[in-house]
Amino acid sequence: MHTSFVLLLVAISVIAAPVSAANAAKAALPAAPGTAVVYALPDFTVLVEKNGPAVVNISTKQSLLSGPQQFGGDEGLSEDSPLYDFFRRFFGEDGPIPEDSDPGRSLGSGFIVSADCYVLTNSHVVEAADEIIVRTSDRREFVAQIIGADERSDIALLKIDGSDLPGVRIGSAAELKVGEWVLAIGSPFGFEHSATAGIVSAKGRSLPAENYVPFIQTDVAINPGNSGGPLFNLDGEVIGVNSQIYSRTGGFMGLSFAIPIEVAMDVVEQLKEKGRVSRGWLGVLIQDVTRELAETFGLRHPRGALVAQVLPGSPAEAAGVRAGDIILSFNGKEVATSSNLPPLVGVAKVGSEAKVQLLRAGEVIEIPLMLAELPEDDEIVVVPGQIEPAAANRLG
């Protein structure tokens, strides 16, 4: 049995006036059923003109304290080393002459989310910063105050003392469709207010060590310095926060990832209210259901999240969840893969009752449980020896 692939090359010449980004979807050329609809390419000029002033450049300064470096002794070069005399001649017995500080710098992007001049950016942009400078499109500079930062979502909220600064309009990533046009504005490599466009490649992407963010994947050119900048839809609404790229070179390779704006704004509201972020917690370690496991559990196709371990003292343990259960849905929302579960649990209100649908011993059951607050990473107790770390790499 073999499959034949047919490559259809269609050359289309279109002579038309420029089409605005918002109206691009209305300029469709007729297409046969089941084939791609051909649109005139969107014109992003109006979108950039209206929204560019709300995008800011963020630079930080850090004091990297450096102390004397010993070249002898247990932690340095032995006196028998042929390099010992060389380093002693040039640097002395105690190594290089230490400076009081060595200022480190980082560059990123951000955008104004409210009339009272709150600025949203990535947590990693402002991490360990001693001073944060926000520069607007009209070249005004402000010293920013960190209201709060959440490492798990990579979102930080800043406040500047400004006036007459435009803000962005907040959209919805939930309504975004794969294949839609999107636009990013930021400061790649320090080139301020650079605009790049592309399409949505996928939704709900899970990245290693990023359990609680269902990323938007795009092919928009994102580079170092774009972090924290907005991702717009064709209506000029922010639907994501550019955060990461997949690269083997350190530069853009066609895979960019943005935090859905719903996730970011939930973090923003919590940081405004209490300066920290709380998330719901089940207390299970989970893994994907493979084809082989699906056959073993009597499933027609792989779905759900297999419970590999129930953590002691967790809500899951109190509710009677067992290792070997397969979580099929959470609060009525389907869990297609294990990566779907942590974001659903994370956004649920701490202390609320949740309903979890399980497959246990071939029978589908539903159990209620009370969600607790997700502990810090160093407070989570994992029983060693029960599972392989590579097998269960997600925390619900």
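What you see is a predicted model; the values in this text were computed from it and never measured.

Participant: Looking at this structure, how should I read the overall build of the protein?
Facilitator: Assigned secondary structure in the protein consists of 7 helices and 27 strands. Counting across all 396 residues of the protein, residues that qualify as buried make up 43%. Residue pairs in contact within the protein that sit at least 24 positions apart in sequence constitute 63% of those at least 6 positions apart.

Participant: Help me understand the nonpolar core in this model?
Facilitator: Nonpolar side chains in soluble globular proteins tend to be buried together. Core analysis: the largest hydrophobic core is formed by 30 residues, its most contacted members being Phe111, Leu120, Ile155, Phe232, Val241, Ile259 and Ile261. The dominant element in this core, judged by the number of residues it contributes, is helix α4 (residues 261-274), at 7 residues. If we skip the residues at most four places from it in the chain, Ile259 touches Asn122, Ser153, Asp154, Ile155, Val213, Phe215, Ile239, Gly240, Val241, Ser243 and Ala264. Counting 21 residues, the second-largest nonpolar core is a separate cluster that includes Leu282, Val307, Phe330 and Ala348.

Participant: Before we go on, may I ask you to explain unusual backbone geometry in this structure?
Facilitator: Most peptide bonds are trans, and most residues other than glycine sit at a negative phi. Within the chain, Asp154 stands out as a residue other than glycine whose phi angle is a positive 60°. Examined against the element boundaries, Asp154 turns out to sit in the loop between β10 (145-150) and β11 (155-159).

Participant: Please clarify how α4 should be interpreted in this entry.
Facilitator: Residues that lie three or four places apart on an α-helix share one face, since the helix turns once every 3.6 residues. The end-to-end C-alpha distance of α4, which contains 14 residues, comes to 20 Å, matching closely the 20 Å that a straight helix rising 1.5 Å per residue would cover. Those residues of α4 not exposed but buried are Ile261, Val263, Ala264, Met265, Val267, Val268, Gln270 and Leu271. Gly275 sits one or two positions beyond α4 and adopts a positive phi of about 75°.

Participant: Even after reading the chapter, I still don't get the pattern of salt bridges, so can you show me in this structure?
Facilitator: Any two side chains of opposite charge can pair, on the condition that their charged atoms come close. As enumerated under the stated definition, the model contains 10 salt bridges in all. Across the pair Arg279 and Asp150 runs a salt bridge, and its minimum N-O distance is 2.5 Å. Note that Arg279 is positioned in the loop between α4 and β19 (280-281) and Asp150 in strand β10, a separation of 129 residues in sequence. Neither residue differs from the other here; Arg279 and Asp150 are each classed as buried. Residues participating in the shared-partner salt-bridge network are Arg135, Glu141 and Glu192.

Participant: It is not clear to me how the environment of Phe330 should be interpreted in this structure. Could you clarify?
Facilitator: Locating Phe330 in the fold gives a position in strand β22 (residues 326-330). With 27 residues separating them along the chain, Phe330 and Gln357 place their C-alpha atoms 6.5 Å apart. When sequence neighbours within four positions are dropped, the list of residues in contact with Phe330 reads Leu282, Val335, Leu341, Leu344, Val345, Ala348, Ala354, Lys355, Val356 and Leu371.

Participant: Is there a simple way to explain the pairing of strand β20 (residues 284-288) in this structure?
Facilitator: Each regular strand displays side chains that alternate between the two surfaces of the sheet. Burial within β20 is extensive, with 4 of its 5 residues counted as buried. Direction of pairing for β20 relative to strand β21 (residues 305-310): antiparallel, over a ladder of 5 bridges. Considered in β21, the bridge of Ile286 is made with Val307.

Participant: Got a minute to help me understand the pairing of β10 in this structure?
Facilitator: As defined by bridge partners, β10 adjoins β11 across 5 bridges and the pair is classed as antiparallel. Pairing of Ala149 across the sheet is with Ala156, part of β11. What sits between the antiparallel neighbours β10 and β11 is a turn of 4 residues, in which Asp154 has the positive phi angle 60°.

Participant: Please explain the packing of aromatic side chains as it appears in this structure.
Facilitator: The way to describe two aromatic rings as a pair is by their centre distance and the angle between their planes. A complete count under the given rule lists 2 aromatic pairs for this structure. Between Phe215 and Phe257, the aromatic rings sit 6.4 Å apart at their centres with planes inclined by 80°, giving edge-to-face as the arrangement. Highlighted residues: Phe215 in strand β15 (residues 210-218) and Phe257 in strand β18 (residues 256-260), separated in sequence by 42 residues. For Phe257, a relative accessible area of 8% translates into the label buried. A cation over an aromatic ring shows up here: Lys272 above the ring of Tyr118, its NZ or CZ 4.5 Å from the ring centre.

Participant: Quick question: what am I supposed to make of the confidence of the model for the protein here?
Facilitator: Close reading of the predicted structure is inappropriate where its pLDDT is low. The predicted model of the protein has a mean per-residue pLDDT of 83, with 75% of residues at 70 or higher. With pLDDT under 50 throughout, residues 1-17 is counted as low confidence; its partners more than four residues away or in other chains account for 3 contacts. For residues 83-102, every residue scores under 50 in pLDDT, and the model assigns this stretch 34 contacts once sequence neighbours within four places are set aside.

What counts as what
- Residues numbered from 1 in each chain as written.
- Predicted model: local features only at pLDDT ≥ 70, side-chain atom pairs only at ≥ 80, totals over all residues.
- Heavy atoms only, no water.
- Helix = DSSP H or I, 4+ residues; strand = E, 2+ residues; numbered from the N terminus.
- Buried < 20%, exposed > 50% of the residue type's maximum accessible area, 1.4 Å probe, protein only.
- Contact = heavy atoms within 4.5 Å.
- Core = buried A, V, L, I, M, F, W, Y, C linked by side-chain atoms within 4.5 Å.
- Expected span 1.5 Å × (residues − 1).
- Salt bridge = Lys/Arg side-chain N within 4 Å of Asp/Glu carboxyl O.
- Pairing = 2+ DSSP bridges.
- Phe/Tyr/Trp six-rings, centres within 6.5 Å; stacked < 30°, edge-to-face > 60°.
- Lys NZ or Arg CZ within 6 Å of the ring centre and 35° of its normal.
- pLDDT = per-residue confidence, 0-100.

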